[in-house]
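So the chains spell out like this:
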Amino acid sequence: MNILKRFISYYKPYRLLFYTDMLCAIIVSAIDLSFPMILSYLINKVFIQEREAILNTILVVGIALLVMYIIKYFCQYFIVSYGHIMGAKMETDMRRDLFTHLQKLSFSYYDKRNTGELMSRLVADLFDISELAHHGPENLFISILKIVGSFVILMTLNVQMTLALSIVTLVIIVFSLYKNKVMQPIFSDNRVKIAKVNSSVQDSLAGIRVVQSFANEGIEKKKFAHSNEAFLESKTGAYKVMGGFHAWNSFFEGLLYIVVVVTGGIHIANGTLRPSDLAVYILYINIFINPIDVLINFTEQFQKGYAGFKRFVEVLETHPDIKDEPGAKPLTQVKGDIEYQSVSFGYDEEESHVLNQVSLKIKAGETIALVGPSGGGKTTLCSLLPRFYEVTSGTITIDGQDIRKVTLISLRNAIGVVQQDVYLFDGSIKQNIAYGKAGATDEEIIEAAKKANIHEFITSLEEGYDTYVGERGVRLSGGQKQRLSIARVFLKNPPILILDEATSALDNESERYIQKSLEELAQNRTTIVIAHRLSTIRNADEIIVITDEGIKEKGNHQELLEIEGIYAHYYRMQFEGLEG
Ligand code: ADP
Ligand code: MG
């Protein structure tokens with residue numbers, strides 16, 4: 001019931017459209033229902049009169065019919081165009097709500113999901129919902145009006161025949177409901193298969209560079225053919241079953257006419273029915289039987305739309321794991337003292353913790369470096385600070401304030417992250433840098449680009465700051481992309497900075513270049529650096545060695561070399577090769 005209420009709530013902004021649509025539907029039904037009556041009137045009352053009288057009446061009736069059909073024209077126009085527009089508007093509203101909500105869901109939600117499949121499912125679901133939203137009430141309404149209306153007329157024409165007719169109709173209804181029940185799982189299987197095809201295409205295209213560099217087009221083709229053929233198989237099965245059902249359906253309808261012709265014939269022979277009434281009767285059968293089909297299809301449409309809407313609501317009701325606590329206050333005037341107090345964290349509740357009782361303190365303005373084996377939890381440790389994930393136990397504070405007690409927006413505004421892989425949005429260089437600060441001026445953008453040592457490169461491009469990058473744009477080198485992302489963070493100007501292997505993907509030359517920008521960026525900010533190459537962190541105020549057993553060593557470069565531990569070992573491995 002809750003779901004239905006929610007569904008109806010999407011109609012609210014379009015009440016006027018909805019009621020007009022329904023009114024038009026009533027008018028169309030009334031016009032359709034009246035035609036056989038008019039015909040009956042003509043045959044039984046008018047056509048038996050004199051020539052003159054017939055001609056006079058027929059003229060009036062013709063004009064009346066013309067007016068009726070003109071009215072029907074406008075109603076039909078409204079139903080088809082504005083009815084659909086209303087559906088599209090509702091679909092747009094739902095998609096907006098969904099998108100807004102998806103933006104808020106936490107990293108952990110997306111960790112567990114295939115975005116391609118999610119997308120495909122949501123698109124299909126929204127389409128079904130929109131179809132139901134528009135056709136649903138109209139189909140339900142018109143059909144019931146027509147069925148009841150024509151049934152009453154059929155009864156007045158002949159009770160016995162109509163009762164016989166009702167029995168066959170019942171058979172048709174039961175049969176069709178059975179058909180829907182059988183078809184339902186088949187249709188949902190179709191859905192699953194097409195979602196698989198879509199996600200397979202998306203995955204393969206997103207990784208096209210990897211595919212081609214491994215010359216694995218053949219393997220991809222096979223993988224794709226697998227899901228594509230599974231789709232065909234599923235559809236073929238569906239259509240075979242559907243064919244059988246449709247054939248039976250038309251047979252039953254034929255049966256209906258046989259019953260009417262035979263019982264009607266007997267009545268005529270007995271003189272209890274006029275031949276003209278039999279003709280009118282058959283016209284009404286059409287009006288009676290078509291909406292039954294529509295109603296039965298409606299149950300299917302309803303099931304599909306309802307299931308889609310349920311899934312839609314399910315997503316909307318997935319609360320983000322991480323959100324503002326009641327009474328959260330914005331973090332202002334950040335100095336940048338950071339403290340982790342006995343922090344433990346695991347990605348899954350069942351699995352063992354990635355971080356166990358980690359404690360560390362970073363003074364405002366200092367730079368600390370995290371080093372250690374891959375998989376030791378360095379990135380994880382950093383992800384906890386902007387609350388991409390929530391600590392399992394322990395506390396993290398900034399300037400002494402628990403990060404769970406401040407608003408997410410203010411927290412994330414205070415932290416800048418530069419990662420190894422840079423994501424550039426589809427758009428110009430300018431837009432991509434401006435992503436760092438809403439409403440940045442051109443001067444600010446250029447200033448940031450200069451600080452990131454990318455301004456000269458940008459101006460050397462033919463279209464300068466308006467050059468397209470991202471999905472459709474020019475390909476930039478790893479170093480150039482990285483400098484764009486650094487410009488973004490310069491523009492954002494956060495008091496706290498996380499550099500997660502920001503230069504690891506680059507060659508030595510670009511690294512040296514970017515190192516300079518990063519050092520500038522780190523000035524006067526509390527900075528956490530994760531670096532692969534130890535040369536880049538020698539000057540850090542503190543170096544922390546973190547392995548999957550937790551923090552193993554702590555100290556500055558000199559101190560760590562002296563204790564001859566893990567750091568000293570790493571350091572020698574990297575430098576003996578170069579210096580020796
Ligand atoms: P590092 O940055 O030191 O290489 P990470 O913090 O990335 O290490 O990873 C620490 C551990 O957490 C690894 O065992 C890794 O497999 C696991 N891990 C990292 N990210 C996720 C995730 N999104 N979901 C589940 N496990 C993860
Ligand atoms: Mg990492």
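Above this note sits the structure.
My aim in this report is to walk through the structure given alongside it, one point at a time.

The rules we used
- Residues numbered from 1 in each chain as written.
- Chains lettered and ligands numbered in written order.
- Predicted model: local features only at pLDDT ≥ 70, side-chain atom pairs only at ≥ 80, totals over all residues.
- Heavy atoms only, no water.
- Helix = DSSP H or I, 4+ residues; strand = E, 2+ residues; numbered from the N terminus.
- Rg over C-alpha atoms; globule rule 2.2 N^0.38 Å.
- Buried < 20%, exposed > 50% of the residue type's maximum accessible area, 1.4 Å probe, protein only.
- Contact = heavy atoms within 4.5 Å.
- Areas by Shrake-Rupley, 256 points an atom, 1.4 Å probe, with all protein chains shown as cover.
- Near = heavy atom within 4 Å.
- Polar contact = N/O pair within 3.5 Å; in protein donor to acceptor, adjacent residues only side chain to side chain.
- Nonpolar A, V, L, I, M, F, W, Y, C, P; charged D, E, K, R; others polar.
- Salt bridge = Lys/Arg side-chain N within 4 Å of Asp/Glu carboxyl O.

1. Considering the overall build of the protein chain
Thought 1: On a plain count of helices and strands, the protein chain comes out with 18 helices and 12 strands.
Thought 2: Against the 2.2 N^0.38 benchmark of 25 Å for 580 residues, the protein chain shows a C-alpha radius of gyration of 36 Å, more extended than a compact globule.
Thought 3: Projected onto its principal axes, the C-alpha coordinates of the protein chain cover approximately 120 × 50 × 45 Å.
Thought 4: Across the 580 residues in the protein chain, those meeting the buried criterion constitute 44%.
Thought 5: Sequence-distant contacts in the protein chain: of pairs separated by 6 or more residues, those separated by 24 or more amount to 78%.
Thought 6: For the protein chain, the computed accessible surface area is about 31,500 Å², with 59% contributed by carbon and sulfur atoms.

2. What to know about the environment of Pro326
Thought 1: Here Pro326 is to be found in the loop between α9 (275-316) and β1 (338-345).
Thought 2: According to the relative accessible area criterion, Pro326 is exposed, its value standing at 83%.
Thought 3: The sequence separation of Pro326 and Asn493 amounts to 167 residues, and the corresponding C-alpha distance is 28 Å.

3. A look at the site of ligand 1
Thought 1: Around ligand 1, the neighbouring residues are Asp111, Tyr347, Val354, Pro373, Ser374, Gly375, Gly376, Gly377, Lys378, Thr379, Thr380 and Tyr389.
Thought 2: Interatomic distance of 3.5 Å between a side-chain N/O atom of Tyr389 and a nitrogen atom of ligand 1.
Thought 3: Split by residue class, the shell around ligand 1 holds four nonpolar, six polar and two charged.

4. Examining the pattern of salt bridges
Thought 1: Applying the stated rule across the entire model yields 21 salt bridges.
Thought 2: Glu390 is the partner of Arg387 in a salt bridge, and the nearest nitrogen-oxygen pair spans 2.8 Å.
Thought 3: According to the relative accessible area criterion, Arg387 is buried, its value standing at 1%.
Thought 4: Since its relative accessible area comes to 25%, Glu390 is described here as partly exposed.
Thought 5: What emerges from the salt-bridge pattern is a single network uniting Asp32, Lys72 and Lys146.

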